Amino acid sequence: MTNWQVFPKEQKSVYFIPSKTEGSHQTHAKGKLIERWKNVARRLRCVGAISYDRVKPSKTVNTISQSIHFSDEVLEVKKWLISDGLNFNLYDIRDKWEFTFNLRKNDIFDLTSLSDVFKAWPIFQGPNSYELILEDFKIGYQKTNTHEDFKNSWEKFSKRLIEIRKSSIKDKHALTLLKRLDSSNLNGDLMTSNIIRILLVPYLIPTKTQIKNCSSNARNKFWKPSLFESALSFATHVTNITNFNEDFTQRQNRYSEYGATIQPYIVFVGPDIESISSIYVRIDEHFWCFECPLKALEVCFKSYFVFHRSYPKESHDSWLVIQQLLFKLNTEYDRPTSITTTVIGMFE
């Protein structure tokens, strides 16, 4: 019997991704069919056709934390890094840093907030501490690629992404960015070109989500970020350092309303995109300054892995595609969506 495919170019995972019920990171089923059912079910509940009651699990999973003990020698080296190692030269402390890797990894797993991580390891607060992020990423994931390798991979990735997703952009701001990208390419302005490409990523790989406010007294139970708000959680442009600080305060106020936390993101500072004077990666209340936009992107991404943080819900899909296509990393925590599956499939 002949096997006929009605839609030979369609991917099953766009329409249905099964739930994951095993392992430490469990997920619900996803895809266009699931989204369609949720919309229909919502309407049926509104007219009373189906009940609001949901089946509750009959048993809960208890997580058992096991304390790990480290030798006195490792703990002493940590003390040295916290005190004498603050004004570090990576070349001088590399052996000590690698020696305390498992202790640091354990601390980060146990600490719930980034603020606590910076207190436990104040060496991360230095202006050049992003070098330690790169070092921990290299140790933890056995990645020996150089920054030049990353730049070459980004060039291929970003050009291909724009080629296959450019036609999907309808947002006025993103369309303006595309025009400015063409202009910067014509002028041979590579730095501006890379800044614009970074700013375009969340428009080329949009994330559709809503953030639930867990507070019982909240007026608004859900926040559905706009495309512009989603893009801000990935990278943003402000005109001066005053706006840089005001932007962070506004984010804090917005996120606190929904019990959410600000995750690492990139900030470009300058009167306009063609005249960027400073580039920052902001993590909690700390930030590192860069001259190269691609260095900022690399450090921002790797900080999620080193600090064991989840991607922001608003830009989750953008970061996941970067992770799997640009850095060739797949983990048990990955939560593919119809958008990420579609984009990744178009690269293959």
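Residues numbered from 1 in each chain as written. Predicted model: local features only at pLDDT ≥ 70, side-chain atom pairs only at ≥ 80, totals over all residues. Heavy atoms only, no water.

Asks: Quick rundown of the overall build of the protein? Include the residues and the values.
Replies: Assigned secondary structure in the protein consists of 15 helices and six strands. Out of the 348 residues belonging to the protein, those deemed buried represent 42%. Considering only residue pairs separated by 6 or more positions, the protein has 61% of its internal contacts joining residues 24 or more positions apart. Of the roughly 20900 Å² that the protein leaves accessible, carbon and sulfur atoms contribute 51%. (Helix = DSSP H or I, 4+ residues; strand = E, 2+ residues; numbered from the N terminus. Buried < 20%, exposed > 50% of the residue type's maximum accessible area, 1.4 Å probe, protein only. Contact = heavy atoms within 4.5 Å. Areas by Shrake-Rupley, 256 points an atom, 1.4 Å probe, with all protein chains shown as cover.)

Asks: How would you summarise unusual backbone geometry if you had to cite specific residues and measurements?
Replies: In this structure, His308 is a non-glycine residue whose phi angle is positive, near 55 degrees. Within the secondary structure layout, His308 lies in the loop between helix 13 (293–306) and helix 14 (316–326). Judged by its relative accessible area of 31%, His308 falls in the partly exposed class. At Lys328, a position not held by glycine, the phi torsion is positive, near 55 degrees. Mapped onto the elements of the fold, Lys328 is located in the loop between helix 14 and helix 15 (338–347).

Asks: Can you explain the packing of aromatic side chains? Please cite residues and give values.
Replies: A complete count under the given rule lists 22 aromatic pairs for this structure. Between Phe150 and Phe327, the aromatic rings sit 5.4 Å apart at their centres with planes inclined by 25 degrees, giving stacked as the arrangement. Of this pair, Phe150 sits in helix 8 (residues 147–165) while Phe327 is found in the loop between helix 14 and helix 15, placing the two residues 177 residues apart along the sequence. By the burial criterion, Phe150 is buried, and Phe327 matches it. Ring centres 5.1 Å apart and planes at 75 degrees place the aromatic pair Tyr304 and Tyr311 in the edge-to-face group. Owing to a relative accessible area of 1%, Tyr304 belongs among the buried residues under this scheme. Here Tyr311 falls in the buried class, since its relative accessible area comes to 12%. Members of the aromatic cluster, each reached through a chain of ring pairs, are Phe137, Tyr141, Phe150, Phe234, Phe301, Tyr304, Phe305, Tyr311, Trp319 and Phe327. (Phe/Tyr/Trp six-rings, centres within 6.5 Å; stacked < 30°, edge-to-face > 60°.)

Asks: Would you mind going over the pattern of salt bridges in detail, with residue names and values included?
Replies: Side chains carrying opposite charge are able to pair once their charged atoms draw close together. One pass over the structure, following the stated rule, counts 11 salt bridges. Among the salt bridges present, the one from Lys151 reaches Glu148, with a minimum N-O distance of 3.2 Å. A residue pair is termed a helical-turn pair when its members lie 3 or 4 positions apart in one helix, as Lys151 and Glu148 do in helix 8 at three residues. By sharing partners, the salt bridges in this structure join Arg94, Glu135 and Lys138 into a single network. (Salt bridge = Lys/Arg side-chain N within 4 Å of Asp/Glu carboxyl O.)

Asks: Requested: an account of the sheet that holds strand 6 (residues 286–290), with residues and values cited.
Replies: A sheet is described by the order of its strands in space; here four strands give the open sequence 3-4-5-6, paired in mixed fashion. Of all the strands in the sheet, the pair left with one neighbour each is strand 3 (235–238) and strand 6. Neighbour-to-neighbour, the strand axes of the sheet open up by a mean angle of 25 degrees, direction not taken into account. Where strand 4 (residues 265–269) meets strand 5 (residues 278–283), five bridges bridge the pair, whose relative direction is antiparallel. In the strand pairing of strand 5, Tyr265 is matched with Arg282. (Pairing = 2+ DSSP bridges. Axes fitted to C-alpha atoms, helices over the stretch in contact; angles between N-to-C directions.)

Asks: Kindly report on the side chain of Ser193, identifying the contributing residues and their values.
Replies: Among the structural elements, Ser193 can be located in helix 10 (residues 190–204). Judged by relative accessible area, which is 1%, Ser193 ranks as buried. Reaching out from Ser193, the side chain makes a polar contact with the side chain of Asn185 at a distance of 3.0 Å. Contact partners of Ser193, with chain neighbours within four places excluded, come to Leu181, Ser184 and Asn185. (Polar contact = N/O pair within 3.5 Å; in protein donor to acceptor, adjacent residues only side chain to side chain.)

Asks: Outline the environment of Asn330, supporting the account with residue identities and numerical values.
Replies: Relative to the elements of secondary structure, Asn330 occurs in the loop between helix 14 and helix 15. Residue Asn330 is classed as exposed on the basis of its relative accessible area, which comes to 59%. C-alpha of Asn330 to C-alpha of Leu320: the two residues are 10 residues apart in sequence and 9.1 Å apart in space. Reaching out from Asn330, the side chain makes a polar contact with the side chain of Gln324 at a distance of 3.3 Å.

Asks: Summarise helix 8; cite the residues concerned and give the values.
Replies: For helix 8, spanning 19 residues, the distance from its first C-alpha to its last is 26 Å, which sits close to the expected 27 Å at 1.5 Å a residue. Each element contacted by the buried residues of helix 8 is listed here: helix 9 (172–186), helix 10, helix 13, helix 14 and helix 15. (Expected span 1.5 Å × (residues − 1).)

Asks: Account for the nonpolar core, with residues named and values stated.
Replies: With 71 residues, the main nonpolar core has Ile266 and Phe307 as its most contacted residues. Of the residues forming this core, the biggest block, nine residues, is contributed by helix 13. Setting aside residues no more than four positions away along its own chain, Phe307 makes contact with Ile108, Leu114, Val117, Phe118, Phe124, Ile133, Ile283 and Trp288. Counting 11 residues, the second largest nonpolar core, distinct from the first, contains Ile211, Val238, Phe248 and Tyr265. (Core = buried A, V, L, I, M, F, W, Y, C linked by side-chain atoms within 4.5 Å.)

Purely spatial values, then, with no claim about function.
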